[in-house]
Amino acid sequence: MQTILVTGGAGFIGSHTCVELLENGFSIVVMDNFANSSMDAVKAISTITGKQFPFYQCDMLDKDAFEKVFTENKIDAVIHFAALKAVGESVQKPLEYYTNNLTGTLNLLQLMHKYSVKKLVFSSSATVYGSKNTVPFKEDMPIGGTTNPYGTTKVMTEQILQDICVADKEMKVALLRYFNPIGAHPSGLIGENPNGIPNNLMPYIAQVAAGVLPCLSVYGDDYDTPDGTGVRDYIHVCDLARGHICALKKLDSVSGCEIYNLGTGHGSSVLEVVHAFERASGKKVNYQIAPRRAGDIATCYADASKAKRELDWEAKYTLDDMCRDSWNFIQHVKK
């Protein structure tokens with residue numbers, strides 16, 4: 001049985017992937033610093049799966065604490081989620097983003113090298129495609145020209161990982177470029193529940209529908225899109241989690257670095273998501289149009305055919321499914 005270290009495993013995508021790993025016969029070791037998560041998610045993973053696992057509350061920048069994870073466990077592979085991830089905030093706090101996302105990853109890679117861990121699945125992002133490529137985004141397109149420091153940290157990390165694979169022929173890496181994960185586990189026990197005011201669209205919509213927040217700001221209604229609001233490729237987090245298992249298994253039969261888009265292959269506008277959520281929840285979602293946000297692009301969606309061809313993976317859930325499960329999670333949080 002392989003043991004997988006999941007960094008940022010209490011986060012939104014990390015927690016769902018932990019469930020998927022345990023349900024597919026892997027052992028896990030989870031670490032998180034709770035910068036944007038909590039112990040509730042760790043407990044919920046055990047509740048959903050009926051399984052226990054080692055958990056470490058530590059920061060990747062604290063290398064001594066981080067090394068304990070490797071000395072106390074035999075790690076076979078790593079799925080690396082831990083990062084600061086808010087696009088808008090990264091424009092305001094670039095130094096914090098570069099320090100956390102790059103230094104933390106370098107610490108991880110040094111420990112993997114020291115303890116001969118040769119398999120890594122990296123949580124990258126569609127933001128690496130920047131603002132110059134045309135949709136749908138394909139894995140062989142040039143990357144860079146990013147519009148925000150968050151995206152730039154992902155571009156830099158991808159380059160670091162590719163360089164390491166050139167130098168170390170035993171290293172196997174899957175770079176997974178996500179689009180926009182939303183939804184929640186059908187149990188309602190884990191979902192996107194950020195600390196403080198949400199940065200992402202779906203938890204904000206959910207909190208407006210639940211009466212926690214008064215109004216959603218829609219950043220820009222003058223983009224070149226069907227209704228003027230930004231279009232994104234929204235993917236159910238459980239589909240995304242399943243993609244990590246497929247990528248992890250694929251590493252057994254590849255060498256070097258492989259890149260996969262994980263998305264649905266089509267986009268939905270902000271207002272389409274708002275209206276889908278109103279259908280799912282039966283609640284009115286108050287919104288107002290606000291100025292465009294720094295670092296945003298008009299349209300972003302995936303060509304996910306490579307993942308279907310090589311990983312035998314494709315997204316199954318619809319936008320209505322995603323909204324239903326998000327609302328179900330919010331109902332559980334309120335109890």
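Just so we're clear, the structure is a prediction, and the values are computed from it rather than from any experiment.

Let us now look at the packing of helix α3 (residues 63–71) against helix α5 (residues 94–114). Their axes nearest at 10 Å, the elements α3 and α5 cross at an angle of 40°. Classified by the angle between their axes, α3 and α5 sit oblique to one another. As α3 packs across α5, the resulting crossing turns out to be right-handed. Within the contact between the two elements, α3 uses Lys63, Phe66, Glu67 and Phe70 and α5 uses Gly104, Asn107, Leu108, Gln110, Leu111, Met112 and Lys114. Residues belonging to the contact of α3 with α5 are distributed by class as follows: five nonpolar, three polar and three charged.

This part covers the UniProt feature "domain: NAD(P)-binding" (unreviewed entry) in the protein. Those places that UniProt annotates as "domain: NAD(P)-binding" (unreviewed entry) correspond, in this numbering, to residues 5–325. When the span residues 5–325 is considered, its composition is 40% helix and 18% strand, and the gap between its end C-alpha atoms is 27 Å.

What follows is about empty space enclosed by the protein. Applying the stated criterion across every chain, the model contains two cavities of 30 Å³ or more. Taken as a whole, the largest cavity spans an internal volume of roughly 60 Å³. Lining the largest cavity, in full, are Gly183, Ala184, Gly191, Glu192, Met202, Pro203, Ala206, Ser326, Phe329 and Ile330. Elements supplying a minimum of two residues to the lining of the largest cavity: α7 (201–209) and α11 (319–334). A class-by-class count of the residues in the lining of the largest cavity yields six nonpolar, three polar and one charged. A volume near 40 Å³ is recorded for the second largest cavity. Residue lining of the second largest cavity: His80, Ala82, Ala83, Asn101, Thr105, Phe122, Thr153, Lys154 and Thr157, and that is the complete set. Elements with a minimum of two residues in the lining of the second largest cavity: α5 and α6 (149–167). Among the elements that take part in the lining of the second largest cavity, α6 stands out by supplying three residues, more than any other.

Reading the values: rules and limits
- Residues numbered from 1 in each chain as written.
- Predicted model: local features only at pLDDT ≥ 70, side-chain atom pairs only at ≥ 80, totals over all residues.
- Heavy atoms only, no water.
- Axes fitted to C-alpha atoms, helices over the stretch in contact; angles between N-to-C directions.
- Helix = DSSP H or I, 4+ residues; strand = E, 2+ residues; numbered from the N terminus.
- Parallel < 35°, antiparallel > 145°, perpendicular 65-115°, else oblique.
- Left-handed = near helix turned anticlockwise from the far one by under 90°.
- Contact = heavy atoms within 4.5 Å.
- Nonpolar A, V, L, I, M, F, W, Y, C, P; charged D, E, K, R; others polar.
- UniProt positions renumbered as here; feature names shortened; annotations may be inferred.
- 1 Å grid on protein atoms, 1.4 Å probe; cavity = no way out; pocket = protein on both sides within 12 Å on 5 of 7 lines; lining within 4 Å.
- Points joined across faces, edges and corners; volume = space filled by probe spheres on them.

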